[in-house]
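Observations on the model geometry
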Amino acid sequence: MLTKRIIPCLDIKNGRTVKGVNFVNLIDAGDPVNLAKQYADLGADELVFLDISATLDGRKTMIEMVLKVAEQVNIPFTVGGGISSISDVDLLLKSGADKVSINSSAIKRPDLVNELAEKFGSQCVVVAIDAKKIGGEWIVHLAGGTIPTQLNLFDWAKEVEKRGAGEILFTSMNNDGTKSGFANEALSKLSSELNIPIIASGGAGSIEHFIDAFQKGKADAALAASVFHFGEIPIIKLKQELFNNNIPIRI
């Protein structure tokens, strides 16, 4: 059985790590390179860096930061934000990133998923999906969760899988930053309907929430930000508790 993964997420704005609630009210959480090294040393399995303002501002993800992170960490890391072309991805991978995450650009031009998978391999193409439950239906949003689309979460996830995505990073906008637990019902449905790994994001507030994401949500990985950034859940303790609950994890 494949081991489950714990992934700290660093949302980057203007070169700093930030964290908010329901995608707004951002506060500073520290230097991303220093945090990345700490997490690697503490046993994180992977890292995700999301330049949350890149799409809105029309900027590209900061290559300089990627180069510095690659020098400091020895675990895989994914970079997202403002990625819209093969050349963007080529530069990020050459700078040291292991995977890229695309979101708004995939919605605007779905063929991008095919192109990246064909050029670089599905294993490095992560499609991030920000969705909000509205009137009983999970609606996909773009541009950092600011713009609703006509897309349904499950339909879109299945489409990008067919196009070559290697993983889905699903963030529940309803749960994001609330520390009330992951959207396990939606996670479980995604896991049962798709054949690629699902990363759970949005809502981590306790160790029990991670246990539920793996046991009830059937997630392959769980991603969180503030509970790690502010020391509320030590990664070593989290992994030990997951192990104690018979969840396959790298200790």
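Structural data are supplied above this passage.
What this report covers is the structure whose coordinates are included nearby. (Residues numbered from 1 in each chain as written. Predicted model: local features only at pLDDT ≥ 70, side-chain atom pairs only at ≥ 80, totals over all residues. Heavy atoms only, no water.)

Moving on, we get to the overall build of the protein. Of regular secondary structure, the protein possesses 11 helices and 12 strands. Against the 2.2 N^0.38 benchmark of 18 Å for 251 residues, the protein shows a C-alpha radius of gyration of 16 Å, consistent with a compact globule. The C-alpha extent of the protein, read off along each of the three principal axes, is 45 × 40 × 35 Å. For the protein, the residues scored as buried account for 57% of the 251 residues in total. (Helix = DSSP H or I, 4+ residues; strand = E, 2+ residues; numbered from the N terminus. Rg over C-alpha atoms; globule rule 2.2 N^0.38 Å. Buried < 20%, exposed > 50% of the residue type's maximum accessible area, 1.4 Å probe, protein only.)

Let us look at empty space enclosed by the protein. Gaps left between atoms are located by rolling a probe of water-molecule size over the structure's atoms. Counted by the stated rule, this structure contains 1 cavity of 30 Å³ or more. Taken as a whole, the largest cavity encloses approximately 40 Å³ of empty space. Lining the largest cavity we find Arg5, Ile7, Glu46, Val48, Thr78, Lys99, Ser101, Val126, Glu167, Leu169 and Ile199. Residue assignment for the lining of the largest cavity shows that the elements contributing at least two residues are β1 (5–13), β6 (99–102) and β10 (167–172). (1 Å grid on protein atoms, 1.4 Å probe; cavity = no way out; pocket = protein on both sides within 12 Å on 5 of 7 lines; lining within 4 Å. Points joined across faces, edges and corners; volume = space filled by probe spheres on them.)

To continue, consider helix α7 (residues 153–163). Turning to α7, its buried residues number three or more, namely Leu153, Phe154, Trp156, Ala157, Val160 and Glu161. One side of α7 holds all its buried residues, which, seen down the axis, span an arc of 165°. Two or three places before Phe154, at the opening of α7, Asn152 has a side-chain oxygen 2.9 Å from that residue's backbone nitrogen. Positive backbone phi, approximately 120°, marks Gly164, located one or two places after α7. (Arc of directions from axis to C-beta. Polar contact = N/O pair within 3.5 Å; in protein donor to acceptor, adjacent residues only side chain to side chain.)

The subject of this paragraph is the nonpolar core. In this structure, Leu47, Ile168, Phe170, Phe210 and Phe228 are the most contacted members of the largest nonpolar core, which totals 73 residues. Apart from the residues lying within four places of it in its own chain, the contact partners of Phe170 are Ile129, Ala131, Trp138, Leu153, Ala183, Ala186, Leu187, Leu190, Ile199, Ala200 and Ser201. Judged by nonpolar contacts, the second largest core, of 10 residues, contains Ile7, Leu50, Ile199 and Ala221. (Core = buried A, V, L, I, M, F, W, Y, C linked by side-chain atoms within 4.5 Å. Contact = heavy atoms within 4.5 Å.)

Quick look at helix α3 (residues 63–72) now. All of the buried residues along α3 are Met65, Val66 and Val69. The buried residues of α3 all sit within an arc of 100° when viewed along its axis, so they share a single face. Among the exposed residues of α3, those pointing more than 90 degrees away from its buried face are Glu64 and Glu71. Buried-residue contacts for α3 involve β1, α1 (32–42), β4 (47–51), β5 (77–80) and α4 (86–95).

Before going further, it helps to spend a moment on the pattern of salt bridges. Counting across every chain of the model gives 15 salt bridges. Residues Asp45 and Lys239 are paired through a salt bridge, measuring 2.8 Å at the closest nitrogen-oxygen approach. One end of the pair, Asp45, is in the loop between α1 and β4; the other, Lys239, is in helix α11 (residues 235–244), with 194 residues separating them in the sequence. With respect to class, Asp45 is no different from Lys239; both count as buried. In this structure, Arg163 engages Glu159 in a salt bridge whose closest nitrogen and oxygen atoms are separated by 2.9 Å. Placement of both Arg163 and Glu159 in helix α7 is noted, with a separation of 4 residues, approximately one turn of the helix. With a relative accessible area of 29%, Glu159 lands in the partly exposed category. (Salt bridge = Lys/Arg side-chain N within 4 Å of Asp/Glu carboxyl O.)

Here we take up the pairing of strand β9 (residues 147–152). The side chains of a regular strand alternate between both faces of the sheet. Of the strand pairs in this sheet, strand β8 (residues 137–142) and β9 are connected by 3 bridges, and their pairing is antiparallel. When the bridges of β9 are listed, His141 appears paired with Pro148. Between β8 and β9, which pair antiparallel in sequence order, lie 4 residues; one of them, Ala143, sits at a positive phi of approximately 55°. (Pairing = 2+ DSSP bridges.)

There is about 200 Å³ of room inside the second largest pocket. In this structure, the second largest pocket is lined by 13 residues; those nearest its centre are Leu2, Ile196, Pro197, Ile198 and Asp220. Class assignment of the residues belonging to the lining of the second largest pocket gives a composition of 6 nonpolar, 3 polar and 4 charged. (Nonpolar A, V, L, I, M, F, W, Y, C, P; charged D, E, K, R; others polar.)

Attention shifts here to the pairing of strand β12 (residues 221–224). Here β12 shows no split at all, with Ala221 and Leu223 on one side and Ala222 and Ala224 on the other all buried. Where β1 and β12 come together, 4 bridges link them in parallel fashion. Considered in β12, the bridge of Arg5 is made with Ala221. Examined bridge by bridge, strand β11 (residues 198–201) and β12 share 3 bridges and lie parallel to one another. Residue pairing for β12: Ile199 is matched across the bridge by Ala221. Of the crossover connections in this fold, the one passing from β11 over helix α9 (residues 207–215) to the parallel β12 is right-handed. (Right-handed = clockwise from strand over helix to strand, strands pointing away.)

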